[in-house]
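Survey of secondary and tertiary structure
One letter stands for each residue in the lines below.
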Amino acid sequence: QAKKAGRNSFRFFDPDMQAAVEARAEIERGLAQALALRQFQVYLQPQVDSSGMVVGAEALVRWRHPARGLVPPNEFIPLAEESGQVVAIGAWVLETACACLKRWESDLRKCHLDLAVNVSARQFRHPGFVQQVIATVTASGIDPGRLKLELTETLLHDDIDETAQRMHALRALGVHFSMDDFGTGYSSLSNLKKLPLDQLKVDKSFVADIAADPDDLVLVQTIIAMAYNLGMQVIAEGVETEEQRELLLRRGCSHFQGYLFGKPMPIEEFEDLPELRPLAPLMLDSADEQAA
Ligand code: C2E
Ligand code: MG
Ligand code: MG
Ligand code: MG
């Protein structure tokens, strides 16, 4: 016990902690140039409907750090939020996503796919955000209805009228909205209905235990019912097992995302997925017949 306390009092010199502090400093320094050095990469994770068909993907950013390898977003997005760099990173991710959607437009196997892009609270609240999204979407020439912006629950807390106003401005363009990680923050339910949301995304922490924990299953069931009553679609994230998929499906969940259907992968890999198929494969068969 004494030894433990003694150790704690010397925590400042803990080599592990020292390493963590240095790693953070290195990430902060590197972040400032990462965009210019083209070190970010967008990964795509499939989203499927109740029949298992891929209906779209979520764009998830990664950082190819020259020394640290592939850095996951949880290790740099929070820092980029603090520094404000998330505004520029987010703008780049959006541009990349719009370029994908544009490319897919003329591809029979992909023209029906939607793309979801994460928007951090700081990015959303940035004064130029609405104009930036409008400019990017317009310049890319995509159908704005294919784009979904994933917002975080922190936007439900304060300045709900400003949040609603911004969302309506983008809604007018045709862009859709999803509430990410639903149920993990302090959601104000009365504020939830003030926003033009199209989708609720059930957080993976609820999905993880639904097969083992009846309470989590009740929570998820309640979230699904509430979403439908508010006119929103539901997608469950973090679906890893067939059992989880079935439990969710039986409770009315219509869309799914998780390792069961595919991990986040480089854009080219996603575009080559054999699961991507035309909406009406039977029509292709008859076209083949005609050609024969
Ligand atoms: P998120 O938006 O909730 O994204 C879902 C996260 O769950 C992703 O982690 C994804 O890889 C992971 N995931 C997907 N399926 C499963 C599964 O079956 N099991 C488990 N255990 N995990 C699964 P990732 O890619 O590390 O991203 C973490 C978070 O970083 C994201 O959470 C999002 O909040 C943030 N993020 C990622 N890309 C961006 C971005 O471009 N902009 C902003 N602002 N934030 C981003
Ligand atoms: Mg997300
Ligand atoms: Mg999420
Ligand atoms: Mg989550």
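Here, the structure is the one placed above.
Residues numbered from 1 in each chain as written. Chains lettered and ligands numbered in written order. Predicted model: local features only at pLDDT ≥ 70, side-chain atom pairs only at ≥ 80, totals over all residues. Heavy atoms only, no water.

Another aspect to go through is the overall build of the chain. Each helix and strand in the chain was counted, giving 13 helices and 10 strands. Whereas a compact globule of 292 residues would reach a radius of gyration of roughly 19 Å, the chain reaches 21 Å, a difference of no more than 12%. Long-range pairs, those at least 24 residues apart, make up 67% of the contacts in the chain between residues at least 6 apart in sequence. If you sum the accessible surface of the chain, you get close to 15200 Å²; carbon and sulfur atoms cover 55% of it. Treating the 29 positive side-chain charges of the chain as one cloud and the 42 negative ones as another, the clouds have centres 4 Å apart. (Helix = DSSP H or I, 4+ residues; strand = E, 2+ residues; numbered from the N terminus. Rg over C-alpha atoms; globule rule 2.2 N^0.38 Å. Contact = heavy atoms within 4.5 Å. Areas by Shrake-Rupley, 256 points an atom, 1.4 Å probe, with all protein chains shown as cover. Lys, Arg positive; Asp, Glu negative; His and termini not counted. Charge placed at Lys NZ, Arg CZ, Asp CG, Glu CD.)

In the region of ligand 1, 22 residues are neighbours, and Arg62, Asn118, Asp180, Glu240 and Tyr259 sit closest. Take glutamate 237: an N or O atom from its side chain is 3.2 Å from an oxygen atom of ligand 1. The backbone of tyrosine 259 places a nitrogen or oxygen atom 2.8 Å from an oxygen atom of ligand 1. For ligand 1, whose unbound accessible area comes to 810 Å², protein coverage reaches 86%. (Near = heavy atom within 4 Å. Polar contact = N/O pair within 3.5 Å; in protein donor to acceptor, adjacent residues only side chain to side chain.)

The textbook angles at a metal center are 109.5 degrees for a tetrahedron of four donors and 90 or 180 degrees for an octahedron of six. The protein atoms that coordinate the magnesium ion (ligand 4) are Asp181 (OD), Asp203 (OD) and Glu237 (OE), at distances of 2.2 to 2.6 Å. Along the chain, the residues that donate to the magnesium ion (ligand 4) are spaced as D-x21-D-x33-E. Between the two metal centres, the magnesium ion (ligand 4) and the magnesium ion (ligand 3), the spacing is 3.1 Å, with aspartate 181 acting as a shared donor. Taken together, the positions of aspartate 181 in strand E6 (residues 176-182) and aspartate 203 in the loop between strand E7 (199-202) and helix H9 (204-209) put the pair 22 residues apart, joining distant regions of the chain. For aspartate 181, a relative accessible area of 26% puts it in the partly exposed group. (Donors = N, O, S within 2.8 Å, 3.2 Å for Na, K, Ca; no water. Buried < 20%, exposed > 50% of the residue type's maximum accessible area, 1.4 Å probe, protein only.)

A separate point is the environment of leucine 35. With respect to the helices and strands, the residue leucine 35 is situated in the loop between helix H2 (15-34) and strand E1 (40-49). Overall, the relative accessible area of 28% leaves leucine 35 in the partly exposed class. Between the C-alpha atom of leucine 35 and that of glutamate 271, which follows or precedes it by 236 residues, the distance is 24 Å.

Moving on to helix H10 (residues 214-229). With 16 residues, H10 ought to run about 22 Å at 1.5 Å a step, and its terminal C-alpha atoms sit 23 Å apart, in line with that. Turning to H10, its buried residues number three or more, namely Asp216, Leu217, Val220, Ile223, Ile224 and Ala227. One side of H10 carries all its buried residues, which in axial view fall inside an arc of 125°. The exposed residues of H10 that point more than 90 degrees off its buried face are Pro214, Asp215 and Asn229. Buried residues along H10 sit in contact with E6, E7, H9, strand E8 (233-236) and helix H11 (242-250). (Expected span 1.5 Å × (residues − 1). Arc of directions from axis to C-beta.)

Attention now goes to the packing of helix H4 (residues 86-105) against helix H6 (residues 129-140). Following both chains from N to C, one finds H4 and H6 inclined at 25°, their axes separated by 9 Å at the closest point. Here H4 lies roughly parallel to H6, going by the angle between them. As H4 runs across H6, the sense of the crossing is right-handed. Side by side, H4 and H6 meet where Ala91, Leu94, Glu95, Cys98 and Lys102 of the first sit next to Gln132, Val133, Thr136, Val137 and Ser140 of the second. Considering only residue class, the contact of H4 with H6 consists of 5 nonpolar, 3 polar and 2 charged. (Axes fitted to C-alpha atoms, helices over the stretch in contact; angles between N-to-C directions. Parallel < 35°, antiparallel > 145°, perpendicular 65-115°, else oblique. Left-handed = near helix turned anticlockwise from the far one by under 90°. Nonpolar A, V, L, I, M, F, W, Y, C, P; charged D, E, K, R; others polar.)

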